[in-house]
Amino acid sequence: MSEETVNSPVTAKKINPRLESYKQFWRRLGKNKAAVTGGVLIVLIIIMAFLGPWIITTFTDFRPNQTDLVNKLQGPSAAHWFGTDSYGRDIFTRVIFGTKLTLYVGFFSVFIGGVIGVVFGIVSGYYGGRIDTIIMRLMDVLLAFPGILLALAIVAVLGGSLTNVIIAVGIFSVPAFARVVRGSTLSVRKLEYIDAVRALGASDFRIIFKHILPNIMSPIIVQASLRIATAILTGAGLAFLGLGAQPPAPEWGAMLNEGRQYMFEAGHVALFPGLMIVLVVLAFNIFGDGVRDALDPKMKNN
Amino acid sequence: MTKYIIRRLLQTIPVLLGVTILVFSLMHLVPGDPAQIVAGEGASEQTVENIRERLGLNEPIPVQYATFLGNALQGDLGSSIRSGRPVMDEIGARFWVTVELAFYATIVAVFLGLIAGIVSAVRHYTLADTSIMIVALFGLSMPNFWFGLLLIQWFAIGNWMPESLEFLKMRPSGWGDTWRQIVLPVLTLGTGGAAIIARMTRSSMLEVIGQDYIRTARAKGVSERLVTYRHALKNALIPVVTVVGLEFGGFLGGAVLTETIFAINGMGRLTIDAIRTRDFPIVQGTVLVISVLFVLVNLLVDISYRFLNKRIDLN
């Protein structure tokens, strides 16, 4: 064996571990039928939310708040696909215009809850001790208000509006993120490479953002997609109680509330907004289930 | 065990204190002057001042909180702004209406959820399993208030059980006289929970069925029936128990929507009416009562969980 071979540099392809795990993530996600189905549905819904209103206003005369009392409470027909409501407004148009509002509640509230929850969770899990106890007790307190009650109390204080619903549902989502993130941080923190970076003199800030956060992204993504479903349901519930977007906004929960009075003579008024909520929440649930199975094979049911 | 129970009780205290602080803050976080809200719009400055004096709103916040907590511990949650009656009296009978509703909904959720989950797990990857899981996914994705509206519609159109629709007439004393009158609200509230319990039971059963001791039992020649129900189910149910407690609590909160749809005179509707009329002492009262109840139920569930799962180290 010549000296040359020994001294020649290792020519293995340079791999970027982060890029690799990113690629692997998409590969695994792509193989999961549920995740793909849910993902495609979500993309379609987003397209509908932002392109739909433009198509309707450009190519038709329908407007979400345009009343037509002569044709009120009409059943579905060729002229009005989802029928009309008690003011003669076209329900299909309103449902399309309302999609955006529902997505706003889902995405923004989970974003607020996610950011706050992740910060709390990481700080709690990383530093431990007294600060951990305080944060986790605080989360316990937030979790002590069952179901919709916490969001309801917050909206009661702030007053009913779409923004306040987003804030309320956001706060309602904080503990779920904090708990999951704390758990994952605890398990990552104990790994050897964290000790190694610390020994190299990395600051806490750097360790948290460069070394812990990227490694706990999977549970955060899973939590976020499932949480959007819950957030949309909670937001719709608040709107249904008259505490969300105020009339005449075409918010689906509020439309359901309006339709409630006509349950017997015109059931379609409440039918379609409800179906749309089911569709959107279903899409996020299917996606969330799929992402969880793809990212965390241990949790898969078999 | 006693040690565990005592420790768990002690842990509950800060949570309950936190709950009272949050509930107390509700009144102070409302934009505007609490005294003005109590007095109502257009009240004279003197009236507002009197109310401020009477409610102790001139005191420092910590003193106000201490008074609030002291009164709450003695069962005094203040008086309703609208009716002037003590909040506790307003909650009174409505408390049991909501608890009963949540209780029956829990029974429905556990019953339906367990059956569906077990069938799904025992016949996993068959048509039955797939259909049950699709239905459960829908149940999970459906706003329960919408499902309630659909039930009303179906029962009205089909003219099934006319008594089940009687709740729609306002009933001042609360709640149904026969099971037929409460069947729809209970179904409305319980189905979402049934979906959660079904999914949970299925995955828990499948996990247990894959374990070594089940294979050993099978290898010993224990019948499949005995393996499923004696060995697997018993252990699979342990994690499900915690969910049941959470469900009951969730139903207490969810009752807000169900009671609104069915015009049931429980704590949920009381809360909503109070929010609409800005009657904050009532909102504080119901939120506090429901949350404290929820915390206590979870405490009970936690303790029974340790009883069921003896493998968990009690200390």
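Everything numeric here is computed off the predicted structure, so don't read it as measured data.

A. Structural context of the overall build of chain A. On a plain count of helices and strands, chain A comes out with 12 helices and zero strands. Sequence-ordered secondary structure for chain A, helices as α and strands as β, is α-α-α-α-α-α-α-α-α-α-α-α. For 302 residues, the compact-globule formula gives about 19 Å, and the C-alpha radius of gyration of chain A, at 24 Å, lies well above that figure. Within chain A, the proportion of its 302 residues that are buried is 43%.

B. Looking closely at the overall build of chain B. Scanning chain B for helices and strands turns up 12 helices and zero strands. Traced from its N-terminal end to its C-terminal end, chain B shows the element sequence α-α-α-α-α-α-α-α-α-α-α-α. Here the analysis covers contacts within chain B between residues at least 6 apart in sequence; of these, 73% occur between residues at least 24 apart.

C. Broad picture of the environment of B:Ile197. All names here are of chain B. Note on placement: isoleucine 197 falls in helix α8 (residues 179–209). Between the C-alpha atoms of isoleucine 197 and valine 244, which are 47 residues apart in sequence, the distance is 7.7 Å. In contact with isoleucine 197, other than residues within four places in its own chain, are Ala109, Val110, Gly113, Leu114, Gly117, Val240, Val243 and Glu247.

D. Just the nonpolar core, in detail. Formed by 153 residues in total, the largest nonpolar core has its most connected members in A:Ala151 and A:Ile232. Residues contacting A:Ala151, with those up to four places away along its chain left out, are A:Ala168, A:Val169, A:Phe172, A:Thr234 and A:Leu238.

E. Focus on the interface of chain B and chain A. Counting from both sides, the interface comprises 39 residues of chain B and, opposite them, 35 residues of chain A. Among the secondary structure elements, those contributing two or more residues to the side of chain B that touches chain A are α1 (2–29), α6 (127–141), α7 (144–158), α8, α10 (224–262), α11 (267–276) and α12 (280–308) of chain B. Considering each element in turn, the side of chain B that touches chain A owes the most residues, eight residues, to α10(B). Counted by class, the side of chain B that touches chain A contains 28 nonpolar, 10 polar and one charged residues.

F. Examining the confidence of the model for chain A more closely. Residues of chain A with pLDDT of at least 70 account for 93%, and the chain-wide mean is 87. Considering each helix and strand of chain A separately, the mean pLDDT is smallest for helix α1 (residues 3–7) of chain A, with a value of 52, and largest for helix α4 (residues 91–127) of chain A, with 94.

G. Local environment of α11(B). In terms of burial, α11(B) is largely enclosed, as eight of its 10 residues are buried. Residues B:Met267, B:Gly268, B:Arg269, B:Leu270, B:Thr271, B:Ile272, B:Ala274 and B:Ile275 constitute the buried set of α11(B). Buried residues belonging to α11(B) abut α6 (149–158) of chain A together with α5 (87–122), α10 and α12 of chain B. Just beyond α11(B), the residue with positive phi is B:Arg278, at close to 55°.

H. Main features of the packing of α5(B) against α10(B). Residue and element names in this part refer to chain B. Where α5 contacts α10, the two axes come as close as 8 Å, and the packing angle between them is 145°. In this structure, α5 crosses over α10, and the sense of that crossing is right-handed. Across the interface between the two elements, Thr98, Leu101, Ala102, Ala105, Thr106, Ala109, Val110, Ile118 and Val122 from α5 touch Thr228, Leu233, Val244, Glu247, Phe248, Phe251, Leu252, Ala255 and Thr258 from α10.

I. Broad picture of the packing of helix α10 (residues 217–240) of chain A against helix α12 (residues 268–295) of chain A. All names here are of chain A. Contact geometry of α10 with α12 gives a least axis separation of 9 Å together with a crossing angle of 165°. Considered as vectors, α10 and α12 are oriented roughly antiparallel to each other. Crossing hand, α10 versus α12: left-handed. Of α12, the residues touching α10 (which contributes Ser218, Ile221, Val222, Ser225, Leu226, Ile228, Ala229, Ile232, Leu233 and Ala236) are Ile277, Val280, Val281, Phe284, Asn285, Phe287, Gly288, Val291, Arg292 and Leu295. Class assignment of the residues belonging to the contact of α10 with α12 gives a composition of 15 nonpolar, four polar and one charged.

J. Main features of the environment of B:Ile264. Within the fold, B:Ile264 resides in the loop between α10 and α11. Measuring from C-alpha to C-alpha, the distance between B:Ile264 and B:Pro185 comes to 8.8 Å, with 79 residues separating the pair along the chain.

K. Here's a closer look at unusual backbone geometry. Cis geometry is found at the peptide bond from A:Pro247 to A:Pro248, where omega equals 5°. Structurally, A:Pro248 can be placed in the loop between α10 and α11 (252–260). Even without being glycine, B:Ala263 reaches a positive phi, approximately 50°. As for its position among the elements, B:Ala263 is in the loop between α10 and α11. Residues other than glycine seldom take positive phi values, yet B:Arg278 does so here, at roughly 55°.

L. Broad picture of the confidence of the model for chain B. Residues and elements named next belong to chain B. Chain-level pLDDT for chain B is 84 on average; 92% of the residues reach the 70-or-more range. Model confidence for chain B, summarised as mean pLDDT per element, is weakest for helix α2 (residues 34–39) at 76 and strongest for α6 at 92. This model gives residues 168–174 a pLDDT under 50, and the stretch forms 10 contacts once residues within four places in sequence are excluded. Taken together, the chains of this predicted complex give a pTM of 0.89 and an interface ipTM of 0.88.

M. Seen up close, the environment of B:Gly285. Residues and elements named next belong to chain B. Among the secondary structure elements, glycine 285 is positioned in helix α12. Under the C-beta neighbour-count criterion, glycine 285 is labelled buried, with 26 such atoms within 10 Å. C-alpha separation for the pair glycine 285 and valine 301, spaced 16 residues apart in sequence, amounts to 24 Å. Filtering out sequence-adjacent residues up to four positions away, glycine 285 remains in contact with Leu77, Val87 and Ile91.

What counts, and where the lines are drawn
Residues numbered from 1 in each chain as written. Chains lettered and ligands numbered in written order. Predicted model: local features only at pLDDT ≥ 70, side-chain atom pairs only at ≥ 80, totals over all residues. Helix = DSSP H or I, 4+ residues; strand = E, 2+ residues; numbered from the N terminus. Rg over C-alpha atoms; globule rule 2.2 N^0.38 Å. Buried ≥ 20, exposed ≤ 12 C-beta atoms within 10 Å, placed from the backbone. Contact = placed C-beta atoms within 7 Å. Core = buried A, V, L, I, M, F, W, Y, C linked by C-beta atoms within 7 Å. Nonpolar A, V, L, I, M, F, W, Y, C, P; charged D, E, K, R; others polar. pLDDT = per-residue confidence, 0-100. Axes fitted to C-alpha atoms, helices over the stretch in contact; angles between N-to-C directions. Left-handed = near helix turned anticlockwise from the far one by under 90°. Parallel < 35°, antiparallel > 145°, perpendicular 65-115°, else oblique.

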